[in-house]
Amino acid sequence: MKILMLGWELPPHNSGGLGVACLNLSKSLAKMGADIDFVVPYKSDHHFDYMNVLSATTINPKYIYGRVTAYESKNIEKKLVLEEDTCKSFSIRDMQHDYCEFIERYLMHYKPDIVHAHDWLTYEAGILAKKNYGIPLVAHVHATEFDRGGANGGSPLIHQIEYQGLLWADKIIAVSQATKDIIVERYGIPADKIDVAYNGFTTPSDDYHYDGSSYQYLESLKSKGYTVVSTVGRFTLQKGLFHLMRAAARAISLHPKFVFLFAGDGEQKDELMRMSAELGISQNVIFTGFIRGKQLRDIYSISDIFVMSSVSEPFGLTALEAAHHGNALIITKQSGVGEVLSSIVRYDFWDEDKLAGALVNIAESPALESTLQDGIRHEYTRISWDDVAEKCMQVYDEVEKHKRNRF
């Protein structure tokens, strides 16, 4: 089966979990016999033996993924991305236009069996493939603008693109039941058009080893009895970080030996830093900036507790990554990953007292911490990308069968 995969990022040129999900899903689909052409919006230096990666533009990825502001809804029409060769500036909307033109040229020469489009950034190109060439379209929803915009906010333009993509799609894959519910309730899409396929986790096969050299200061604090709490992600409204910061202050007032790591970057960084000072806990809070690779895995390794404080999180791959490195997990009830895990503490994103209490309980009870860590270790290893790929293949077969019956 020939799959035209429409994506916006692949590691190491990614700003979050979308690229990780696309890479691992494609790898598992290829194992099941899928022939994949994967289109990215930048000049690719990817070389995989299980799929072809095609470049829709000549933009150097370092001018896209180092600029987290380019992905904020309010900035999608601002020219924040630079093309190295011409020194010409592009907006995300400009890149989407060029992406669609590339797909148009591609489809003049090749006829895939299925177009699989990931999130709103590629939906217009997917619609083009279906409308102009009659190719079945599968829309994969990793997050909606209702998630990114904090339930009721977000960009009207992005809402419109999402709605059109979901309408045109033959089938929709949602990464959690919570995401499916949003699609049904907010966009009015029939529930039987949507299948849920939870994200998977692949245990890294490299020789990563945590040696403690990157975070000697934190190691010294841990030797003095401090508990390290981390959170990882973009500093945006969606992530609920103001609630987390206030809960951190309450937890520290009850148990002073906490240190909180805020790993990431985004529009709320300056305000979060001011907030930690105003709450009188700046000495207990560390901002790492945007990190990836070994630095990120070192954060997970040194952490005792990982908190996902999201207001609305369709899935949350970082929680599985943290679990792999031995963290106890505290996750909001509004996070999709909680649908497949049980050895976790769950709370409503706004319930700062409950979060603070959970942090203190884990820090003061080694038995509770050990129970959560051991339990989650047995759970996350059962979550496989091969299962996700199998679900996708079932969706492809259903869409192809429907197309044959139509004609």
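Look up: the structure comes first, before these words.
Conventions and cut-offs
Residues numbered from 1 in each chain as written. Predicted model: local features only at pLDDT ≥ 70, side-chain atom pairs only at ≥ 80, totals over all residues. Heavy atoms only, no water. Phe/Tyr/Trp six-rings, centres within 6.5 Å; stacked < 30°, edge-to-face > 60°. Helix = DSSP H or I, 4+ residues; strand = E, 2+ residues; numbered from the N terminus. Buried < 20%, exposed > 50% of the residue type's maximum accessible area, 1.4 Å probe, protein only. Pairing = 2+ DSSP bridges. Axes fitted to C-alpha atoms, helices over the stretch in contact; angles between N-to-C directions. Contact = heavy atoms within 4.5 Å. Parallel < 35°, antiparallel > 145°, perpendicular 65-115°, else oblique. Left-handed = near helix turned anticlockwise from the far one by under 90°. Expected span 1.5 Å × (residues − 1). Salt bridge = Lys/Arg side-chain N within 4 Å of Asp/Glu carboxyl O. Right-handed = clockwise from strand over helix to strand, strands pointing away.

1. Topic: the packing of aromatic side chains
- Evaluated as defined, the whole model comprises 10 aromatic pairs.
- Judged by centre distance (5.2 Å) and plane angle (85°), the rings of Phe 201 and Tyr 380 are edge-to-face. Of this pair, Phe 201 sits in the loop between strand E9 (194-196) and helix H7 (216-223) while Tyr 380 sits in helix H13 (residues 366-380); the two residues are 179 residues apart in sequence, bridging distant segments of the chain. Summarising the burial analysis for this pair, Phe 201 and Tyr 380 share the class buried.
- Centre to centre, the rings of Phe 258 and Phe 260 are 5.6 Å apart; their planes meet at 40°, and the pair counts as tilted.
- Look at Phe 258 and you get buried, because its relative accessible area is 0%.
- One aromatic cluster is present, formed by Phe 146, Tyr 163 and Tyr 187 through successive ring pairs.

2. Describing the sheet that holds strand E12 (residues 285-289)
- One open sheet holds the six strands; their spatial order is E12-E11-E10-E13-E14-E15, and the pairing between them is parallel. On the outer flanks of this sheet lie E12 and strand E15 (345-347), each paired with one strand and no other. Going from strand to strand, the sheet's axes swing by 20° on average, the running direction of each strand aside.
- Sheet analysis places strand E11 (residues 258-263) next to E12, joined by four bridges and oriented parallel. Within the sheet, the bridge partner assigned to Phe 260 lies in E12 and is Val 285.
- Here helix H8 (residues 241-254) sits on the sheet in contact with strand E10 (227-232), E11, E12 and strand E13 (305-308), set at roughly 165° to E11.
- The strands that helix H11 (residues 317-324) touches are E10, E13 and strand E14 (328-332); relative to E13, the one it contacts most, it runs at about 175°.

3. Describing the packing of helix H3 (residues 120-133) against helix H5 (residues 156-168)
- Interaxial distance between H3 and H5 falls to 9 Å at its minimum, and their mutual angle equals 40°. The orientation of H3 with respect to H5, classified from their angle, is oblique. Relative to H5, H3 is oriented so that their crossing is left-handed. Here H3 contributes Trp 120, Tyr 123, Glu 124, Ile 127, Lys 130 and Lys 131 to the contact with H5, which in turn contributes Ile 158, Ile 161, Glu 162, Gln 164, Gly 165, Leu 166 and Trp 168.

4. Concerning H8
- Under the 1.5 Å per step criterion, the end-to-end length of H8 is 20 Å for 14 residues, consistent within 8% with the ideal 20 Å.
- Of all the residues in H8, the buried ones are Leu 241, His 243, Leu 244, Met 245, Ala 247, Ala 248, Ala 249, Ala 251 and Ile 252.
- Turning to H8, the residues buried within the fold contact E10, E11, helix H9 (269-278), E12, E13 and helix H12 (352-364).

5. Structural notes on the pairing of strand E7 (residues 137-141)
- By the criterion of burial, E7 is predominantly enclosed, with five of the five residues buried.
- Burial along E7 is two-sided: the face carrying Leu 137, Ala 139 and Val 141 and the face carrying Val 138 and His 140 are both buried.
- As paired elements, strand E6 (residues 114-118) and E7 share four bridges and run parallel to each other. When the bridges of E7 are listed, His 116 appears paired with Val 138.

6. Focus: the environment of Gln 295
- Looking at where Gln 295 falls in the secondary structure, it is placed in helix H10 (residues 293-302).
- For Gln 295, a relative accessible area of 47% gives the class partly exposed.
- Sequence separation between Gln 295 and Ser 214 is 81 residues; the distance between their C-alpha atoms is 7.7 Å.

7. Here's the deal with the pattern of salt bridges
- This structure, assessed with the given rule, holds 19 salt bridges.
- Asp 195 is paired through a salt bridge with Lys 171; the nearest N and O atoms lie 3.3 Å apart. Of the two residues, Asp 195 sits in strand E9 while Lys 171 sits in strand E8 (residues 171-174), which places them 24 residues apart along the sequence. Taken individually, Asp 195 and Lys 171 each receive the classification buried, so the pair is uniform in this respect.

8. Considerations on the pairing of E8
- Across the two faces of E8 the burial is the same, with Lys 171 and Ile 173 and Ile 172 and Ala 174 all buried.
- The pairing of E7 with E8 spans four bridges and is parallel. Bridge assignment links His 140 to a residue of E8, and that residue is Ile 173.
- Of the strand pairs in this sheet, E8 and E9 are connected by three bridges, and their pairing is parallel. Counterpart to Ala 174 in the pairing with E9 is Val 196.
- Considered for its hand, the β-α-β crossover made up of E8, helix H6 (residues 177-187) and E9 is right-handed.

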